[in-house]
Amino acid sequence: MKTIILGAGYGGMATATALKPTDNLDVLLIDQRPYHTYYTLLHEAAGHGKTVTTPIQPLLQGTGVEYEQASVDHVDLDARAVHLKDGRVLEYDKLVVSMGSETNFYGIQGLQENADVLKEIEDAEKIYDWVNRAFEPGFTGSRDVVIGGAGLTGTELITELAQRSEELSYKTGLPRLKLYLVEAGPAVLPTVDAKLRERAIGVLKDYGIEILTSHKIVEAAPGSVTVENAAGERRQIAGGKIVWTGGIRARNLLRGENIVGGPGNRIKVDQNLVAHNYPDVFVIGDMAAANASDGAPVPSTAQHAGQEGRHTAANLMRLAHGEALEAYEPYSQGEFVSLGGLMAVGAINLPGDYRLALTGVAAHVMKIASHVRWQLNIK
């Protein structure tokens, strides 16, 4: 059973590293980079230059999975063929699609041309280098930073930059960066419990971050953005660095006459994480429009991508043994948001529908623990 796994993000790596050498199962993992990126730590790379990658090849020892560095052009699901950008075409019996997401700019004028994003390590390095340059004596231009999107990524990034700004200001004697967090919706961190959100907002304000909720970016230009509030009033904000974290959509790499699409360009899958009308194709992570047994959508988080990957690995081995697939049922262990330094907020889900809310160092430790748990899962 020739099987190809596309993508070495959380879903793809969870699938590959959960596999064991199995008769009738020949697996190839393809990714354009030779390393796995800890995407949930990209804000630390952007703020403090932390290393957030690890080589793929050593992680595959003992799995029976081969690795090849290559870029995917598109996948023809009807022909069961993966087309690579170098011109090669690879056929498969089973396919696992876990190629993640791309930034959604929502057609906002000038945004894609004038804003950075935080999707890959190169993006983080670009932001990190700019912050360091902004504290050099000869730096000219605006030292203001505008972050669009106050979800998990935007909030973690701006607090990391705020902390770094304080450190560099102390070392150089230069003023701290002026930081703006712009959110079209009414709240920062909308998926976080209300009390934890209030605590997070308090931290943002302590850093001196200007929070603009119910403000949408309507236009971006070199060195500025224009925002509009709920009353239709507009304001131009200067920004030497503009970063957009306000939306994602699944990568548009799959072709097929019978694809059933979902929101955000995702592919609808059944309870086994198999694409509708394509029984040999598993779709997981950001590319999948998956639902729990009660119909609730599965969140697009690293935690759930890892679960889906491990479940898919088990199903692949079941198929190799001639056994039936088992349905996937998501579960959440909780979520933690880093707020710079030793500060974080979040909650642990406990049995009986109880949640234990944590803030400060305790939440920071749990954030670290979740990352360590992931490292152990893929080693």
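Procedures and definitions
Each chain carries its own residue numbering, running from 1 in the written order of its sequence. It should be noted that, the model being predicted, local features are given only for residues of pLDDT at least 70 and side-chain atom pairs only at 80 or more, the latter also being counted only at that level, while totals for whole chains, interfaces and linings use all residues. Side-chain numbers here rest on the full set of heavy atoms in the structure, without hydrogens or water. Where helices and strands are cited, they refer to DSSP runs of H or I of at least four residues and of E of at least two residues respectively, numbered from the N terminus. With C-alpha atoms as the basis for the radius of gyration, the globule rule is written as 2.2 Å multiplied by the number of residues raised to the power 0.38. Residue burial is assigned from relative accessible area. The probe radius is 1.4 Å, only protein chains are included, and a residue is buried under 20% of its type maximum, exposed over 50%, and partly exposed in between. We call two residues contacting when some pair of their heavy atoms lies within 4.5 Å. For two strands to be treated as a pair, DSSP must find at least two bridges joining them. Call a crossover right-handed when, viewed with both strands pointing away from you, the route from the first strand across the helix to the second goes clockwise. Axis lines are fitted through C-alpha atoms, for helices just across the contact stretch, and the angle between N-to-C directions can take any value from 0 to 180 degrees. The rule is short: rings of Phe, Tyr and Trp, with Trp giving its six-membered ring, pair when the centres are within 6.5 Å, and they are stacked under 30 degrees, edge-to-face over 60, tilted in between. Ring-over charges, as used throughout, are those where CZ of Arg or NZ of Lys falls within 6 Å of the ring centre and within 35 degrees of the ring normal. We treat Lys and Arg as the positive residues and Asp and Glu as the negative residues; His and chain ends play no part in the count. Here a salt bridge means any side-chain nitrogen of Lys or Arg lying within 4 Å of a carboxyl oxygen belonging to Asp or Glu. Two N or O atoms count as a polar contact when they lie within 3.5 Å, although within protein this holds only if one can serve as hydrogen donor and the other as acceptor, and sequence-adjacent residues are included solely when both atoms are side-chain atoms. Residue count minus one, scaled by 1.5 Å, sets the expected span of a helix. We define a nonpolar core as any set of buried Ala, Val, Leu, Ile, Met, Phe, Trp, Tyr and Cys residues linked to one another through side-chain atoms lying within 4.5 Å. Our angle categories are set so that under 35 degrees counts as roughly parallel, over 145 as roughly antiparallel, 65 to 115 as roughly perpendicular, and the remainder as oblique. Rotating anticlockwise by less than a right angle from the far helix to the near helix defines a left-handed crossing, while the corresponding clockwise rotation defines a right-handed one. Residues are sorted three ways: Asp, Glu, Lys and Arg are charged, Ala, Val, Leu, Ile, Met, Phe, Trp, Tyr, Cys and Pro are nonpolar, and all the rest, Gly among them, are polar.

A.B. asks: Got a sec to walk through the overall build of the protein? Specific residues and values, please.
C.D. replies: A tally of regular secondary structure across the protein gives eight helices and 25 strands. Taken over the C-alpha trace, the protein has a radius of gyration of 22 Å; the compact-globule value for 379 residues is 21 Å, and the two agree within 12%. Taking the principal axes of its C-alpha atoms as reference, the protein extends roughly 65 × 50 × 40 Å. When the 379 residues of the protein are sorted by exposure, 52% land in the buried category. Partitioning the intrachain contacts of the protein with sequence separation of at least 6 by distance along the chain shows that 62% fall at a separation of at least 24.

A.B. asks: Please give an account of the pairing of strand E1 (residues 2-6) that cites residues and values.
C.D. replies: Burial analysis of E1 places four of its five residues in the buried class, which makes it a mostly covered element. Of the pairings in the sheet, the one linking E1 to strand E2 (residues 26-31) comprises five bridges and is parallel in character. Across the sheet, the residue bridging to Ile4 is Leu28, located in E2. Tracing the backbone out of E1, into helix H1 (residues 10-18) and back to the parallel element E2 gives a crossover that is right-handed. The sheet contact formed by E1 and strand E9 (residues 94-97) spans four bridges and is parallel. When the sheet's bridge partners are listed, Leu6 is paired in E9 with Val97.

A.B. asks: How would you explain the sheet that holds strand E11 (residues 144-148) if you had to name every residue and give the values?
C.D. replies: Here four strands make up an open sheet; going across it, the order is E13-E12-E11-E17 and the pairing parallel. Two strands bound the open sheet, and with one partner strand each, they are strand E13 (210-212) and strand E17 (241-244). Going from strand to strand, the sheet's axes swing by 15° on average, the running direction of each strand aside. Against the sheet, helix H5 (residues 152-172) contacts E11, strand E12 (178-182) and E17, and its axis sits at roughly 170° relative to E12.

A.B. asks: Lay out the environment of Ile267 with the relevant residues and their values.
C.D. replies: Residue placement: Ile267 occurs in strand E20 (residues 267-268). A C-alpha to C-alpha distance of 8.3 Å links Ile267 and Ala250, two positions 17 residues apart in sequence. What Ile267 contacts, discounting residues up to four positions off in sequence, is Leu254, Ile259, Val260, Ala275, Val283, Met287, Ala288 and Ala289.

A.B. asks: Account for the sheet that holds strand E15 (residues 224-229), with residues named and values stated.
C.D. replies: Here we have three strands laid out as an open sheet, ordered E14-E15-E16, and antiparallel in their pairing. Only two strands of the sheet have a single neighbouring strand rather than two, namely strand E14 (215-221) and strand E16 (234-238). Shown here is a sheet whose adjacent strand axes are inclined to one another by a mean of 30°, direction ignored. In terms of strand pairing, E15 meets E16 through five bridges, oriented antiparallel. Along E16, the bridge assignment pairs Ser224 with Ala238.

A.B. asks: Describe in detail the packing of aromatic side chains, supporting the description with residues and values.
C.D. replies: Counted by the stated rule, this structure contains three aromatic pairs. Feature note: the residues Tyr10, Tyr39 and Trp374 constitute an aromatic cluster, connected by ring pairs. Here the basic side chain of Arg143 rests over the ring of Phe135, its NZ or CZ set 4.5 Å away from the ring centre. Between the NZ or CZ atom of Lys178 and the centre of the ring of Tyr180, over which it lies, the distance is 5.2 Å.

A.B. asks: Outline the side chain of Glu183, listing residues and values.
C.D. replies: Considering the arrangement of structural elements, one finds Glu183 in the loop between E12 and helix H6 (194-206). No salt bridge is formed by the buried Glu183; its nearest oppositely charged neighbour, Arg197, is found at 10 Å. Of the polar contacts made by the side chain of Glu183, one reaches the backbone nitrogen of Gly185; its length is 2.8 Å. Setting aside its immediate chain neighbours within four residues, Glu183 contacts Gly149, Ala150, Gly151, Leu212, Thr213, Ser214 and His215.

A.B. asks: Break down helix H4 (residues 121-134) for me, citing the residues and quoting the values.
C.D. replies: Taking 1.5 Å of rise per residue, the 14 residues of H4 would be expected to cover 20 Å, and the 20 Å separating its terminal C-alpha atoms lies within 8% of that figure. Buried within H4 are the following residues: Ile121, Ala124, Ile127, Trp130, Val131 and Ala134. Contact partners of the buried residues in H4: strand E3 (35-37), helix H2 (42-48), strand E4 (53-55), E11, H5 and E17.

A.B. asks: How would you sum up the nonpolar core? Please name residues and give values.
C.D. replies: Grouped together as the largest cluster of nonpolar side chains are 97 residues, with contacts concentrated most on Leu29, Val82 and Leu95. Apart from residues lying up to four places away in sequence, Leu29 is in contact with Ile5, Gly7, Ala8, Met13, Ala16, Ile56, Leu60, Val65, Glu66, Tyr67 and Glu68. If you look at the next biggest cluster of nonpolar residues, it comprises 16 residues, including Val117, Val227, Ile242 and Trp244.

A.B. asks: Describe the packing of H4 against H5, and please don't skip the residues or the numbers.
C.D. replies: At a closest axis distance of 11 Å, the pairing of H4 and H5 adopts a crossing angle of 30°. It follows that H4 is roughly parallel to H5 by the angle criterion. Of the two elements, H4 crosses H5, and the hand of that crossing is right-handed. Packed against H4, whose contacting residues are Ile127, Tyr128, Val131 and Asn132, the element H5 presents Leu157, Leu161, Arg164 and Leu168 at the interface. Here the contact of H4 with H5 is built from residues that sort into six nonpolar, one polar and one charged.

A.B. asks: Tell me about the environment of Asn272, and please be specific about residues and values.
C.D. replies: Along the chain, Asn272 turns up in the loop between E20 and strand E21 (281-283). Asn272 has contacts with Phe282, Asn315, Leu325, Glu326 and Ala327, leaving out every residue within four places of it along the chain. Here Ala327 takes part through its backbone nitrogen, which lies 3.4 Å from a polar atom of the side chain of Asn272.

A.B. asks: With reference to specific residues and values, describe the environment of Gln303.
C.D. replies: By secondary structure assignment, the location of Gln303 is in helix H7 (residues 302-320). Counting along the chain gives 48 residues from Gln303 to Pro351, while the straight-line C-alpha distance between them is 18 Å. For Gln303, the side chain forms a polar contact with the main-chain nitrogen of Gln333, separated by 2.6 Å.

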